[in-house]
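Inside the fold
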Amino acid sequence: MARPDPLAGFERQTHTINGVKTAVLTAGRGEPLVFFHGAGTWHGFNFARPWAEKYRVIIPFHPGFGESGDDPGLSDMHDYVMHYLDLFDALGVDKLRLVGFSLGGWLAAKFAMEHGRRVERLVLVGPAGLRGKTRPTGDVLSLPPEQIPALLVSNFDVIKPYLPEGPDLDFMGDRYREGGTLARLLWEHPYDKKLSRYLHRLTMPTLLVWGEDDRLIPAAQAEIWRSFIPKADIQIFKGAGHLVLDEKREAVDAVQRFLS
Amino acid sequence: MSGNVRFDFMHFMPYVHLPENQKDYKSLWVDFPNKYYDPQKGHALYQRYLAELIFADKVGFDAVVVNEHHNTSYSMMAAPSLVAAAIIPQIKNAKICVWGTPPNLEYPNRLAEEYAMLDVMSEGRLEVAFPLGTGMEYWANPINPATARERHRESIDIILQAWTQDGPTTYYGDFYTYRYLNPWPRPYQKPHPPCYIVGTGSPETVELAAKLGFGYSSVFVTKQRALELNQNLRRLAAEHGHHIRPEQLPLQVITYVAETKEKAEEEAIEHIRFFFEDALRTTPTFLAPPGYLSVAELKKRAALADKLHGAFNFDNINESFFVAVGTADQVVEQLEEWGARVGTNHFNILGAIGNMPHWKVVKNLTYLGQDVIPRMRARAASERRVAAE
């Protein structure tokens, strides 16, 4: 059986940003809502379609992930912030609502702390980035790739359709490529030891969303984030793991309510 | 075959006293618990292995070869320069090949100094190789596998600058800044010891060796790949203005010699089995940390990995890899054929195979030293005479 198209329902555009091919998915009309994806793009963005009823949803593939090209010159998170300044110029996006998941949550926080005036509302979904000394972030780079999907969800059936049924060299190669991009960024430190120092700059209304059963980045880290961010609410969803948006429609709706 | 035949004896110095439950571990690398290392047994093994390296010199090998691995029972040489330093005063003729410390795992200036020390101590008998390091080394050391190849090139650049330019010089790179690159001592050999790249024939390492005009010491390559590798290297090196000589292409051969073919197989196969099935056993994730390989190379290797790391079938191994097990006559014939096919006269002999006991290593080295090496030298010399006439 063919796997469902993880990008169904989106329009695809391609931009060349500083020499790197950048693929962008869009859907809907209205104020821009940008979603920064996490380190694995195989499960797609079907969860984001309800947002397109009210917003112009923009989902760029980060360079080195999914349909975007590679740029080994992007070697830290700040390089990605700079990449998005250029992409947003190309897209004509000035102010935006920003939602970031996992690695993309870390990137969204970093973008918002540096360019806070542009980010009207910020949603961080199971964000990476903190070391979380007593509630540590799992080190996804040290996990065998075949073990990762099951670790990300509470209910495996939700993601099963997106995974190959047996050994699949292309799927394996795609994941290895995304892992390599991640290693380039994070091998030395799978967290940003200075992140908490600057989180107070997130002065926009901020929502922290987590799956209660997140086995990669414990939901208990939500409290650490809130302790540094001036105006942050927390919503934790039962019966969901790291991929809380894929697993719980309620989480998708909660994001939509918060953004409105 | 042209030129002098050269024989190296390569030792991995494995820790062989594995626990009975060792098969329960998917990998004997990276995360194999080090509680299983008994230093008293380790001491006895060092004594024995050092003696075997020294013995190889006595029976007529041209060189002894040591190398570096971490977090594994496969090798007790986390620091091969220490082994080289221990044997230099006891080895009278043979070259000392440290093939080698991955430059990414040390500061380049320090590696330049270490090797220069060994070269001076050995009166110019050092040869060095610059491996990228296996994927497993990047799980054991705090170095990014995704930038390993760029760092590797820069490290070699720094080492060569340190050896070939009068110091102090400066180096402002992507990974290292040197305000005073001025290592003491300097190498005994001029401009520097013979250098090799070590690898399994990836396009990146072959290109690097070609660019630098270095030799290429291939490890665990299949017969088909060795041929392609040597051809590619010669062609690419020529494009960079370098001529690769046969002796720059050491061919790694698992070798065991006994009275009869049957006896040789009977005595060697269990250790070859141990070598592939146990010593080399590791996981795909450890072999290929994120970013260490190109995606294309990862896909290519996915098939080969099963053959090399973990599963054992002597016929398959024999067919795919360079394994010469038999009488002296058979081994001579085999080595000559392979040498001619891949274009080398330089054989890197794995003669202490896996968990082979001391007596077999001594027997093997003795046969090689008495019957194989002199015969191949004599035949090569007579070919040279014929060619000269």
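As a reminder, the structure under discussion sits directly above these lines.
What you are looking at is a predicted structure, and each value in this text was computed from that prediction instead of being measured.

Turning our attention to the overall build of chain B. Per the secondary structure count, chain B includes 13 helices and eleven strands. Counting only C-alpha atoms and orienting by the principal axes, one finds that chain B spans roughly 60 × 60 × 45 Å. A separation of at least 24 residues holds for 75% of the contacts in chain B among residues at least 6 apart in sequence.

Take the nonpolar core next. Buried together is how nonpolar side chains tend to be arranged in soluble globular proteins. Counting residues in hydrophobic clusters, the biggest one holds 111 residues, and the most contacted among them are Val64, Ile96, Val98, Ile197, Tyr216, Val253 and Ile353 of chain B. Non-local contacts of Val64 of chain B, meaning those with residues more than four positions away in its chain, are made with Asp8, Phe9, Leu53, Ala56, Asp57, Ile87, Ile91, Ala94, Ile96 and Cys97 of chain B. Residues Leu33, Phe101, Leu103 and Leu186 of chain A belong to the second largest nonpolar core, which totals 75 residues.

Moving on, we come to the sheet that holds strand S7 (residues 195–199) of chain B. Residue and element names in this part refer to chain B. With respect to topology, nine strands assemble into an open sheet ordered S8-S7-S4-S3-S2-S1-S11-S9-S10, the strand pairing being parallel. Of all strands in the sheet, those with a lone pairing partner are strand S8 (215–218) and strand S10 (323–326), marking the two edges. Mean inter-strand twist for the sheet, computed between neighbouring axes without regard to direction, equals 30°. Note that strand S2 (residues 63–66) and strand S3 (residues 95–99) share four bridges and pair parallel. The residue bridging Ala63 from the neighbouring strand is Lys95, located in S3. In the packing of helix H13 (residues 358–388) onto the sheet, contacts are made with strand S1 (6–10), strand S9 (251–257) and strand S11 (346–350), and the angle to S9 comes to roughly 105°.

To continue, consider the sheet that holds strand S7 (residues 206–211) of chain A. Residues and elements named next belong to chain A. Across the sheet, which stays open at both edges, the eight strands sit in the order S1-S2-S4-S3-S5-S6-S7-S8 with mixed pairing between neighbours. For this open sheet the edge positions go to strand S1 (11–17) and strand S8 (232–237), each flanked by a neighbour on one side alone. Strand-to-strand, the axes of this sheet are offset by a mean angle of 20°, without reference to chain direction. Bridge count between strand S3 (residues 32–36) and strand S4 (residues 56–60): three bridges; the pairing is parallel.

Another aspect to go through is the interface of chain B and chain A. Each partner contributes to the interface: chain B provides twelve residues, whereas chain A provides 14 residues. The element best represented in the side of chain B that touches chain A is helix H10 (residues 295–308) of chain B, accounting for four residues. Grouping the constituent residues of the side of chain B that touches chain A by class yields six nonpolar, five polar and one charged.

For any two helices packed against each other, one specifies the crossing angle of their axes together with the interaxial distance. Residue and element names in this part refer to chain B. Packing of helix H12 (residues 328–342) against H13 leaves a shortest axis separation of 10 Å and a crossing angle of 45°. The angle between H12 and H13 places the two elements in the oblique class. Like other packed secondary-structure pairs, H12 and H13 cross with a definite hand, here right-handed. In this structure, H12 uses Ala328, Val331, Val332, Leu335 and Glu336 to contact H13, whose residues at the interface are Tyr367, Asp371, Val372, Arg375 and Met376.

Cut-offs used in this document
- Residues numbered from 1 in each chain as written.
- Chains lettered and ligands numbered in written order.
- Predicted model: local features only at pLDDT ≥ 70, side-chain atom pairs only at ≥ 80, totals over all residues.
- Helix = DSSP H or I, 4+ residues; strand = E, 2+ residues; numbered from the N terminus.
- Contact = placed C-beta atoms within 7 Å.
- Core = buried A, V, L, I, M, F, W, Y, C linked by C-beta atoms within 7 Å.
- Buried ≥ 20, exposed ≤ 12 C-beta atoms within 10 Å, placed from the backbone.
- Pairing = 2+ DSSP bridges.
- Axes fitted to C-alpha atoms, helices over the stretch in contact; angles between N-to-C directions.
- Nonpolar A, V, L, I, M, F, W, Y, C, P; charged D, E, K, R; others polar.
- Parallel < 35°, antiparallel > 145°, perpendicular 65-115°, else oblique.
- Left-handed = near helix turned anticlockwise from the far one by under 90°.

Note that every value here comes from positions in space, so none of it alone points to a role or purpose.
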